[in-house]
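For reference, the chains in residue letters:
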Amino acid sequence: MKKAVAVLGIGTVLAVAVGAVPRAVESATPVSETLKASVRSYNETVLGTGELTYLGQHEITSSLPLVIEKLLVREGDTVEVGDTVATIDRNSSAALIESLGQVSALAISAADLSTAVALLPEKITADCSGRVISAANSGQAVQSGYSIATVAQTEELAVTAAISELDIAKVAVGQDVRFGLAAYPDEVFFGKVSSISQAARSQYNGAVLETVVDVAITPNVPDERLKSGLSAEVEILLSEPRSICVLPYSAIAQDDSGEYVYVYENGKAVRRGIFTGAEFADGTEITVGITADDIVFQDPLEIADRNYIRVAETRNLST
């Protein structure tokens, strides 16, 4: 990169003409890199995680641990309310309950294992109508509350995303959404918020218990790649795109007075206070303090420690 030969004063010190600076001083003066902020289009977003499900998707479960003797449905079958989904191996189920030492919450508080075993059903029936999209296997042990069969009550897929209670007030039906699927990491899919749950729930985020609200997101167009159970990362777009200025973190310093940068202004390196906004992997939005036309020094701490500097050719980060 071509280096400029001008020698600049710092802060309120005026720039010194090249001819007035001894060559020894000029050659010993460090070269400082400069840049301009990148300009990019930005939407304020709310982030969430979830998975693709069918609207009205329902799990057929048991309140007791049990062992399936024979599964009577398979993926793609249609069931009606009351249809037998599976028969139960009562002896194996009793042994399972005894090994787990569990008593169903349906049994009275003083119930013992024999009472729990007596509550074992001979069969599991469907409590909704629809198409079976997944099912357990014959001979499989199923814990209480776990799915024996999953039934889709509609053919409409949606992303069910958990949104933090801190962000849910910003979300509204009809907002545009971008979402990605772990199965297709290089693809971006689009949809709209179609419904917001009327109740919050708790879930663990790592070791932290947080309160979330489920939001349904309907894809804009059908896509055969969208399958129930795929995990999704969603971005709910809260506003129209706007242009913002972004500086790399390396160009920003902070002290007791706040965040600041050094800009090349009228032949001087001038400290200027700034306010920052949205954060990205490569930098942060500057909401107040500079424009896309300002020339900013890349290392403000280096500038603060010098009396004179030489300025390198400005690097333009605009996109």
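Attention here is on the structure that accompanies the text. (Residues numbered from 1 in each chain as written. Predicted model: local features only at pLDDT ≥ 70, side-chain atom pairs only at ≥ 80, totals over all residues. Heavy atoms only, no water.)

1. Focus: the overall build of the chain
Check the secondary structure of the chain and you find four helices and 27 strands. Within the chain, counting contacts between residues at least 6 apart in sequence, those at least 24 apart form 73% of the total. For the chain, the exposed area adds up to about 17,500 Å²; of that, 50% sits on carbon and sulfur atoms. (Helix = DSSP H or I, 4+ residues; strand = E, 2+ residues; numbered from the N terminus. Contact = heavy atoms within 4.5 Å. Areas by Shrake-Rupley, 256 points an atom, 1.4 Å probe, with all protein chains shown as cover.)

2. With respect to the pattern of salt bridges
One pass over the structure, following the stated rule, counts 12 salt bridges. The residue E187 makes a salt bridge to R225 at a minimum N-O spacing of 3.7 Å. One end of the pair, E187, is in strand 16 (residues 184-205); the other, R225, is in the loop between strand 17 (208-219) and strand 18 (231-237), with 38 residues separating them in the sequence. On the basis of relative accessibility, which here comes to 35%, the residue E187 falls in the partly exposed class. The class of R225 is partly exposed, set by a relative accessible area of 27%. The residue D255 makes a salt bridge to R271 at a minimum N-O spacing of 2.9 Å. Of the two residues, D255 sits in strand 20 (residues 253-255) while R271 sits in strand 22 (residues 268-273), which places them 16 residues apart along the sequence. A cluster of three or more residues bridged by salt bridges with shared partners is formed by E187, D223 and R225. (Salt bridge = Lys/Arg side-chain N within 4 Å of Asp/Glu carboxyl O. Buried < 20%, exposed > 50% of the residue type's maximum accessible area, 1.4 Å probe, protein only.)

3. Focus: the environment of L120
Following the sequence through the fold, L120 ends up in the loop between helix 3 (113-118) and strand 10 (123-125). Note: C-alpha distance between L120 and S62 (58 residues apart in sequence) is 9.4 Å.

4. Considering the nonpolar core
V159, I163 and V171 are the most contacted members of the largest nonpolar core, which has 23 residues in total. Taken together, the elements giving at least two residues each to this core come down to strand 5 (45-54), strand 14 (157-164), strand 15 (176-181), strand 16, strand 17 and strand 18. Ignoring any residue separated from it by four or fewer positions in sequence, one finds I163 in contact with V46, L47, G48, I168, V171, T211, V212, V213, V215 and I236. (Core = buried A, V, L, I, M, F, W, Y, C linked by side-chain atoms within 4.5 Å.)

5. Looking at the packing of aromatic side chains
To describe a pair of aromatic rings, one takes the distance between the centres and the angle between the planes. Enumeration according to the criterion identifies four aromatic pairs in this entry. Relative to F280, the ring of Y42 has its centre 5.5 Å away and its plane inclined at 90°; by these criteria the two rings are edge-to-face. You can see Y42 sitting in strand 4 (residues 38-42) and its partner F280 sitting in strand 23 (residues 275-280), a full 238 residues away along the chain. Relative accessible area serves as the criterion here: at 21%, F280 is assigned to the partly exposed category. Pairing F179 with F189 gives two aromatic rings, centres 5.5 Å apart and planes at 20°, and the pair type is stacked. Taken together, the residues span a long stretch of sequence, with F179 in strand 15 and F189 in strand 16 at a distance of 10 residues. For F179, a relative accessible area of 2% puts it in the buried group. (Phe/Tyr/Trp six-rings, centres within 6.5 Å; stacked < 30°, edge-to-face > 60°.)

6. Quick word on the environment of T125
Along the polypeptide, T125 turns up in strand 10. For the pair T125 and A86, spaced 39 residues apart in sequence, the C-alpha separation works out to 7.2 Å. When near neighbours in sequence (up to four residues on either side) are disregarded, T125 contacts I60, G82, D83, T84 and V85.

7. A look at the side chain of T284
Structurally, T284 is set in strand 24 (residues 283-288). For T284, the side chain forms a polar contact with the main-chain oxygen of A278, separated by 3.1 Å. In this structure, T284 is in contact with C245, V246, L247, Y249, I252, T276, G277, A278 and E279, ignoring residues within four places of it in sequence. (Polar contact = N/O pair within 3.5 Å; in protein donor to acceptor, adjacent residues only side chain to side chain.)

8. Focus on the pairing of strand 7 (residues 66-71)
As paired strands, strand 7 and strand 12 (residues 141-142) are joined by two bridges and run antiparallel to one another. Bridging from a neighbouring strand, L66 pairs with V142 of strand 12. (Pairing = 2+ DSSP bridges.)

9. A short note on helix 2 (residues 90-100)
Within the sequence span of helix 2, burial applies to S93, A94, L96 and I97. Mapping the buried residues of helix 2 onto a view down its axis gives an arc of 160°, with all of them on the same face. Residues of helix 2 that are exposed and angled more than 90 degrees away from the buried face: N91, E98 and S99. A distance of 3.3 Å separates the backbone nitrogen of N91 from a side-chain oxygen at the start of helix 2, and that oxygen is part of D89. (Arc of directions from axis to C-beta.)

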